[in-house]
Amino acid sequence: MITLKGVSTGYKINKSQKSCRIVHSLPDLKINAGEMICLIGMNGSGKSTLIRTICRLQTPLNGSVYIDDANVNSLSDKALSKKIGVVLSTPPDIDNITANDVVAMGRYPYTGIFGKLNEIDYNIVTASIHDIGIEKLSDKLFSELSDGEKQKVMIAKTLCQQTPYIMMDEPMAFLDYSSRIEMSKLLQMLTSKMNKAVLLSTHNLELAIEMADKLWVMNTSGGFVECTPGKLLTSSLLADYFGSDTANWLTQHFRFEK
Amino acid sequence: MKNSLKLIIAVALIAGLVFLNLCVGSANINFEEFWNYFIGKSCDSTNSFIIGYRINSSLTAVFAGAGLAVAGLLLQTLFNNPLADPSVLGISSGASVGVACCLLIFGSSQLSVLHFTPISRQMVVSAASFIGTIPVLLLLLLLSKRTNNKLVILITGLMFSFINSSIVTIVEFFSMKESLYSYVMWGMGSFSNVPSEMMTVFIVSIAVVLTMSFFLIKPLNAVLLGDNYAANLGVNVKRLRFFCILFSGVIIALITAYCGPIGFIGLAVPHIVRMLLKTSDHAMLLVACIIFGAALSLLCLLITRLPGFDGALPVNVVTAIIGAPILIKILFTPSIKNAK
């Protein structure tokens, strides 16, 4: 279980003067094993900032993140890398490496000082590639894949990392329609069959509502609400969080006014 | 062709180049003399001096080439920038300041370097060069701990270069003609200036740093995914950065101290190696940089002393003239895979 206690996300503007820009002051939150949480909100609402904070890629301005009751700051780099895996919104840009080898990077926390893979590692790599269904890509050069294919490879890498918690920052932004459906099924498999907890940010409301157990809804002025998908549709939340002067949400009709 | 085979061929190439470097030069030495030298039999003293000199410069070329190539590789991966090379961090420019100041001080007083014996003069210049690199290296390490942004470090290094070259110009302005000449000669680079007394120190210290850089293979591979992915895999990116700058800095400081600011090898070899081997695994890249770096600098050394040049061509002239076309040729040669 990941617990956020009194966390404020944001950026320090000046180290010496301790002035900072708080993006969100969050209530206490929990991510349970086997749970799928979708993080939704408009551009610039701080979704990535929250994901980065939970992964310890940036420090919270207040409060702490706990993983299985241990403060993330007390965990070693290695221990943390066995707890949380991350998929970022843009795939990396590497030449001269096969997709298979990128997936194998996920074994980093488990290998020795020179990073040699053993037979168990190879089996896990193959299994991850199979789970994501990218066997056809595995021998291709990573740089020759499309963005969507690259993102699938990165998800396989994260699977290969064998973490109980997976954070994904808009993993489906580059995927085509059928891949998106495939991916959502895969993510549901991760939570239901493998009992992993997944937090993913997305702009695809439809998919989020369909597959999430819980929604975390953010807006650009620091507002934050936790709710179930059903509640989002029936309340005025969508109007408050996604509406604007030009896009007016019609609660009764489940669509934006045109 | 398998990569290990390519490496074996390259090693054979090194052996051949060393052999040529020993044989070729303005003085002709026949095989019998070499044989006598190596089995320790007394031979003509001039010849044995020349053979010793050629062995020393070949060894210097091997280790300087290997060191510069590895330093270039570490920096290119660390900064994720194909244009990074030993000169970008401003470390070799620190060496220039050291040497320029030394020549100014000694050149303008009774203690003129020109009165020194060649060997002690070389030692003074090397020491000054090494001392000059230390403040730059320390400042860089200190500043790299204060920022998360590697572009900032890269630009800081560039700024150090600018500051240092201004200082050098000021020093040059106040220098005497003779000191200026010495400075210019130092700046052209040479593999033949390591005094035989210092040879062991030079080789051992570079070999030690090269060996230690093998412990960076794993995090260097992970950092190819970008700093965020690497951090998520458990890499301490700041510590990696510290060690990359430290290792490459020490290598550059040592080599610049003894050979002058040798350009181009550190930039070109990592690219040549990546193109030839088609890999981004640093275990392979590191070994290959050591081998190809040594080979390229031996080739350059050989060219500087082809008959006709009278053993006097500066290394820096040759590294770029030879290295740049090789690199361009490789970049534009379509591989089988791309041609499909």
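See above for the structure.
Note that this is a predicted model, so its numbers are computed, not measured.

A. Molecular detail of the nonpolar core. If you look at the biggest cluster of nonpolar residues, it comprises 160 residues, and the most contacted ones within it are Ile-2, Ile-54, Met-167 and Trp-216 of chain A together with Phe-202 of chain B. In contact with Phe-202 of chain B, not counting residues within four places along its chain, are Thr-60, Phe-63, Ala-64, Val-194, Leu-254, Ile-255, Tyr-258 and Cys-259 of chain B. Within the second largest apolar cluster, ten residues are counted, among which are Val-97, Leu-103, Tyr-183 and Trp-186 of chain B.

B. Region of interest: the interface of chain B and chain A. Counting from both sides, the interface comprises 23 residues of chain B and, opposite them, 31 residues of chain A. Interface area, chain B with chain A, both sides summed: about 2300 Å², of which 59% is carbon and sulfur. Our enumeration of links across chain B and chain A arrives at zero salt bridges. At the boundary of chain B and chain A, one finds nine residue pairs in polar contact (both at pLDDT 80 or more). Every element with two or more residues in the side of chain B that touches chain A is listed here: helix H9 (217-223), helix H10 (227-232) and helix H15 (336-339) of chain B.

C. Just the pattern of salt bridges, in detail. Residues and elements named next belong to chain A. For the coordinates displayed, the defined rule picks out six salt bridges over all chains. One salt bridge in this structure joins Glu-35 and Lys-214, with 3.4 Å as the shortest N-O distance. A residue pair is termed long-range when its members are at least 10 positions apart, and Glu-35 in the loop between strand E3 (29-31) and strand E4 (36-41) and Lys-214 in strand E10 (residues 214-218) qualify at 179 residues. Looking at Glu-35, the relative accessible area reads 12%, which means it is buried. With a relative accessible area of 14%, Lys-214 lands in the buried category. Put simply, Asp-77 and Arg-56 hold a salt bridge, and the shortest N to O gap is 2.7 Å. Of this pair, Asp-77 sits in helix H2 (residues 77-81) while Arg-56 sits in the loop between helix H1 (47-54) and strand E5 (62-67), placing them 21 residues apart in sequence.

Calculation rules
- Residues numbered from 1 in each chain as written.
- Chains lettered and ligands numbered in written order.
- Predicted model: local features only at pLDDT ≥ 70, side-chain atom pairs only at ≥ 80, totals over all residues.
- Heavy atoms only, no water.
- Core = buried A, V, L, I, M, F, W, Y, C linked by side-chain atoms within 4.5 Å.
- Buried < 20%, exposed > 50% of the residue type's maximum accessible area, 1.4 Å probe, protein only.
- Contact = heavy atoms within 4.5 Å.
- Buried area = accessible area lost by both parts, 1.4 Å probe.
- Salt bridge = Lys/Arg side-chain N within 4 Å of Asp/Glu carboxyl O.
- Polar contact = N/O pair within 3.5 Å; in protein donor to acceptor, adjacent residues only side chain to side chain.
- Helix = DSSP H or I, 4+ residues; strand = E, 2+ residues; numbered from the N terminus.

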